[in-house]
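The lines below spell out each chain.
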Amino acid sequence: MKIISFEGIEGVGKSTQINLLKEYLEFKNLSVEVLREPGSSIPGEKIREILLDTSHDLTNETELLLMFASRAELVNSKIINNKSDYLLLDRFYDASIAYQGYGRNLSIPLINSLISFIKCPEPDVSFLLDIAVEDGFARKKNDKKDRIESASVAFFNRVKEGYLSIAKENNDRFTIIDASMDINEIHMKIIDTLNTSL
Ligand code: TMP
């Protein structure tokens, strides 16, 4: 089983690329499962509702711990013993370093300890779809904002820059893609990367 994670701020087109890659792999008779974070387990989806609900606020610490509570369920129930050929993750633990670490200014060593504590496997390949914050939100302008999306542009700029640092520090598994490119060009770059790295 190969784990491929897709990272990036809102509006970068992760879901579109995940769907295109899923179709491509299935066409080659490979089995694929797509999981999103937070969520994709029964307790994880309930935790997701708490995390994204705009009718209450949460401390940054609560937000971090709920992300990891959801992730612990996902790792345990859906990732560790997964039998698919490919597991495509719509965000994984790098998102907590970017959003809660760089974005909310929580301790990155603490987040790294949580990653080890819940025994997160490392993705084989990670894609960072990178776009200007304003351009990402312009693509989602008709969507109602959830609690995290309602944060400031300054927050999302910290997340974007954080993601770039994470990708550079882990350049053995990360490929950074300019998400303003054409959808098919991005898809081809993803396939080329997988063909050379796996
Ligand atoms: P989405 O799945 O609709 O993009 O919403 C998930 C939100 O949660 C998104 O704003 C990114 C955020 N997030 C974190 O803040 N930390 C995390 O670890 C993960 C996985 C997501």
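Right above here is the structure, for reference.
Residues numbered from 1 in each chain as written. Predicted model: local features only at pLDDT ≥ 70, side-chain atom pairs only at ≥ 80, totals over all residues. Heavy atoms only, no water.

I'd like a rundown of the sheet that holds strand E3 (residues 86-90), residues and numbers included.
Read across the sheet, five strands follow the order E2-E3-E1-E4-E5 without closing on themselves; strand pairing throughout is parallel. In this open sheet, the two strands that pair with only one neighbour each are strand E2 (32-36) and strand E5 (174-178). With strand direction ignored, the average angle separating the axes of adjacent strands in the sheet is 20°. Looking at chain direction, strand E1 (residues 2-7) and E3 are connected through five bridges and run parallel. Residue Ser5 lies in a different strand from E3, and its bridge partner there is Leu89. Packing of helix H1 (residues 14-27) onto the sheet brings it into contact with E1, E2, E3 and strand E4 (125-130), and relative to E3 it is tilted by some 170°. (Pairing = 2+ DSSP bridges. Helix = DSSP H or I, 4+ residues; strand = E, 2+ residues; numbered from the N terminus. Axes fitted to C-alpha atoms, helices over the stretch in contact; angles between N-to-C directions. Contact = heavy atoms within 4.5 Å.)

Provide a residue-level description of the environment of Asn184, including the pertinent values.
Here Asn184 is to be found in helix H8 (residues 183-197). On a C-alpha basis, the gap between Asn184 and Leu20 in space is 9.0 Å, while along the polypeptide they are 164 residues apart.

Residues and numbers for the site of the ligand, please.
Close to the ligand lie 13 residues; Glu10, Arg71, Arg91, Ser96 and Gln100 are nearest. Protein burial of the ligand: of its 480 Å² of free accessible surface, 91% is covered by the chains. Sorting the residues of the shell around the ligand by element identifies helix H2 (42-52), helix H3 (60-79) and helix H4 (93-103) as the ones contributing at least two each. Per-element tally for the shell around the ligand: the top contributor is H4, with four residues. (Near = heavy atom within 4 Å. Areas by Shrake-Rupley, 256 points an atom, 1.4 Å probe, with all protein chains shown as cover.)

Please give an account of the packing of H1 against H8 that cites residues and values.
It is at 10 Å that the axes of H1 and H8 come closest, and there the two elements cross at 55°. One element, H1, and the other, H8, form an angle in the oblique class. Here the hand of the crossing between H1 and H8 comes out right-handed. Residue-level inspection shows Thr16, Gln17, Leu20, Leu21 and Tyr24 of H1 in contact with H8, the latter providing Ile183, Ile186, His187, Ile190, Ile191, Leu194 and Asn195. Residues of the contact of H1 with H8, tallied by class, amount to eight nonpolar, four polar and no charged. (Parallel < 35°, antiparallel > 145°, perpendicular 65-115°, else oblique. Left-handed = near helix turned anticlockwise from the far one by under 90°. Nonpolar A, V, L, I, M, F, W, Y, C, P; charged D, E, K, R; others polar.)

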